[in-house]
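# Observations on chain architecture
Given next are the chains, with one letter for each unit.
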Amino acid sequence: MALVDALKYPQGLYSDVAPHLVPSGNSESGGGLLAMSNVNTSYKIGSILKRPGYGKIGTALEAGKSILSLHNFRQSTSIQKMLATVDDATSDDTQLFYGTGGSWTEITGAETAWANKAGIAVEMEDFLGYCFFVGWGSTDGFITPSSLTGTTFSTSTNVTSMPNAKFITRYRDRLYIANTDISGTATPYRVYYSSIPTAGAITWTVATDFFDVDYSEAITGISTNWDRLMVFTEYRAYMVTQSPLTKKQVWDTGCSAHRTIKNLGALMIWANRDGVYVSQGGSYPQNVAGRAIDFIRYSNMTTAFAEIVDEEYHLYLGAVTVNGISYANCSLILSLPTMTWRLNEYADTLGSMGKFYATGQDSLYLGATDGEIHKLGKYIDSTLQKTDNGTPIHSFFQTGHMDFGMPSGIKRFNKIFAYADRAQGLFLRARAVDENAQAVTKWMPLGELKKYISEFQVNPEKGYFLQVEGAENGSNEYWSFYGFTAEIEIDRPPQK
């Protein structure tokens, strides 16, 4: 008889391998999880924790209408606000709202400027104390380029003669817009740029101040890092310098959606149909989707969007089915310090995400399709969010098929000693690979964790491998699971 510890689970999601290849909690490098939802394996390394919930910020901006854009407008060191766009009640016009963490107030000039424009992905960029707006929707086309300072909205200040565009970013001392249109003449391969500011103002000279990157592919996103402007199409990436203006194709790795492009220091991260890529500008980008690649393969990446908060890349995919499990309102999360994946399922369907800074902390704002905006909680919050705006959180994890270092022969699983410093109603089940048909048996209950050490009799008691599942569905504070020790003996050696 042997006691085998399975106490380390730092590797996160392992959805792309066979169940018996998922590292178990007794391996030298620690274990991974075959399936998981709403649990965190990177906050306290080695532990599995239920995630915090989220709470609503203010009231609905427009009931039943999707929050299509979120942007933290940092006008100055002392003035900032969260901006949000949403269709009006009849989905005829686009509305613009602002808030500072409480109620939301409409900036009415936007709805006038963007009349008869609905379903718009409005993109925003800060420059010279202004927020600049461009955007496009598949039904109503381009919105009028606009600017905002304070609560003063304009379609002329710093935007006179500015072309329509889908994307916008700031690079050095100019604004750059991409995938453009002037008076109905589309140039999806073109990038226009503003003048260098003079007396705090910029102008646009459309006859000369532009460049093209390709004539067969539309630009799908732009961003900046490493003192370079990056321009993406579906299949290629171009690197641009400002002065003198130079451009070159650097990679045959494109981007499927502008809103997946995010920066963290020297890292640029983006996604396409083949994975999630990380680059530091020099070498070829590395695909880090790895263990979570099946979620990318089974998703429409052209509609994905992302945000980085607390060194974690949140990639929202929506509904996806992987390994026979259907996930709703799914957000893949890459912990950049540990380079491990996990996933959340939210109670609300999302239309956008954004980062907001307040009182020394960055927070992830979630723009829902019902017109509400929520803030995702953190473990450090003074009042912990225990639900998703009142909806209980269903959290679960499944280990791989564990052989406990004894890969051959039928094993008898006698007992499991489970450890949890915060049990909070976590319930464990187990199943084994059957000794006759080598088929997976039904899940059988072990029991509910109610104290630091809980002892359970294992049923089924025999098999080649054992798999353990933990689940909790409720409004309890987060649970924290340390793993378990299994009491095992060889029931019958392998037959020759």
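Read on for an overview of the structure. (Residues numbered from 1 in each chain as written. Predicted model: local features only at pLDDT ≥ 70, side-chain atom pairs only at ≥ 80, totals over all residues. Heavy atoms only, no water.)

## A word on unusual backbone geometry
Across residues other than glycine, the phi torsion is negative in most instances, and most of the peptide bonds are trans. Following S243, the chain continues to P244 via a peptide bond in cis, the omega torsion being 0°. Following the sequence through the fold, P244 ends up in the loop between β21 (237–241) and β22 (246–251). With a phi close to 55°, N179 is a non-glycine residue in the positive phi region. As for its placement among the helices and strands, N179 is situated in strand β16 (residues 174–182). On the basis of relative accessible area, N179 is assigned to the buried category, the value being 5%. Although it is not a glycine, A199 adopts a positive phi angle of roughly 55°. (Helix = DSSP H or I, 4+ residues; strand = E, 2+ residues; numbered from the N terminus. Buried < 20%, exposed > 50% of the residue type's maximum accessible area, 1.4 Å probe, protein only.)

## A word on the pairing of strand β40 (residues 466–474)
Among the nine residues in β40, seven count as buried, and that is most of the element. Where strand β34 (residues 393–398) and β40 come together, six bridges link them in antiparallel fashion. Bridging across to β40, F397 finds its partner in G470. The sheet contact formed by strand β36 (residues 427–432) and β40 spans six bridges and is antiparallel. (Pairing = 2+ DSSP bridges.)

## Thoughts on the packing of aromatic side chains
One pass over the structure, following the stated rule, counts 22 aromatic pairs. On the basis of an interplanar angle of 50° and a centroid distance of 5.5 Å, the ring pair of Y192 and F210 is categorised as tilted. Of this pair, Y192 sits in strand β17 (residues 185–193) while F210 sits in strand β18 (residues 210–212), placing them 18 residues apart in sequence. A relative accessible area of 25% means that F210 is categorised as partly exposed. Centroid distance F295 to Y327: 5.2 Å. Interplanar angle 55°. Geometry classified as tilted. Note that F295 is positioned in helix α2 (residues 293–297) and Y327 in strand β29 (residues 325–335), a separation of 32 residues in sequence. As far as the burial class goes, F295 and Y327 line up, both buried. (Phe/Tyr/Trp six-rings, centres within 6.5 Å; stacked < 30°, edge-to-face > 60°.)

## Some words on the layout of surface pockets
Of the pockets and cavities examined, the largest pocket occupies roughly 910 Å³. Around the largest pocket, the lining is made up of 31 residues, and of these H71, M124, E125, K262 and E307 lie nearest the centre. Breaking the lining of the largest pocket down by element, the ones donating at least two residues are β6 (67–74), β10 (121–127), β15 (164–171), β19 (219–225), β23 (262–264), β27 (305–309) and β31 (350–358). Each pocket or cavity is described by its volume, and for the second largest pocket that value is around 640 Å³. (1 Å grid on protein atoms, 1.4 Å probe; cavity = no way out; pocket = protein on both sides within 12 Å on 5 of 7 lines; lining within 4 Å. Points joined across faces, edges and corners; volume = space filled by probe spheres on them.)

## Notes on the sheet that holds strand β20 (residues 228–233)
Pairing within the open sheet is antiparallel, and its four strands lie in the order β19-β20-β21-β22. Two strands close off the open sheet at either side, each with one partner strand: β19 and β22. Within this sheet the neighbouring strands show an average axis-to-axis angle of 25°, counted without direction. Where β21 meets β22, five bridges bridge the pair, whose relative direction is antiparallel. By the bridge assignment for β22, V240 is matched with K247. (Axes fitted to C-alpha atoms, helices over the stretch in contact; angles between N-to-C directions.)

## Side note on the sheet that holds β23
Taken together, the four strands give an open sheet; going across it, the order is β23-β24-β25-β26, and neighbouring strands pair in antiparallel fashion. Strands at the two margins of the open sheet, each flanked by one partner only, are β23 and β26 (286–287). Pairing analysis gives five bridges linking strand β24 (residues 267–272) to strand β25 (residues 275–279), with the strands arranged antiparallel. Counterpart to M268 in the pairing with β25 is S279.

## Some thoughts on the nonpolar core
Ranked by internal contacts, the top residues of the largest apolar core, which has 59 residues, are F295, L315, L332, L428, F481 and F484. The greatest single-element share of this core, amounting to five residues, is contributed by strand β28 (residues 312–322). The residues contacting F484, other than those within four sequence positions of it, are V4, D5, A6, L7, Y9, M402, F404, I416, F417, A418, Y419 and V468. (Core = buried A, V, L, I, M, F, W, Y, C linked by side-chain atoms within 4.5 Å. Contact = heavy atoms within 4.5 Å.)

## Here's the deal with the side chain of E469
Note on placement: E469 falls in strand β40. A polar contact is formed between the side chain of E469 and the side chain of Q398, at a distance of 2.9 Å. Here R429 takes part through its side chain, which lies 2.7 Å from a polar atom of the side chain of E469. If we skip the residues at most four places from it in the chain, E469 touches F396, F397, Q398, F427, L428, R429 and W443. (Polar contact = N/O pair within 3.5 Å; in protein donor to acceptor, adjacent residues only side chain to side chain.)

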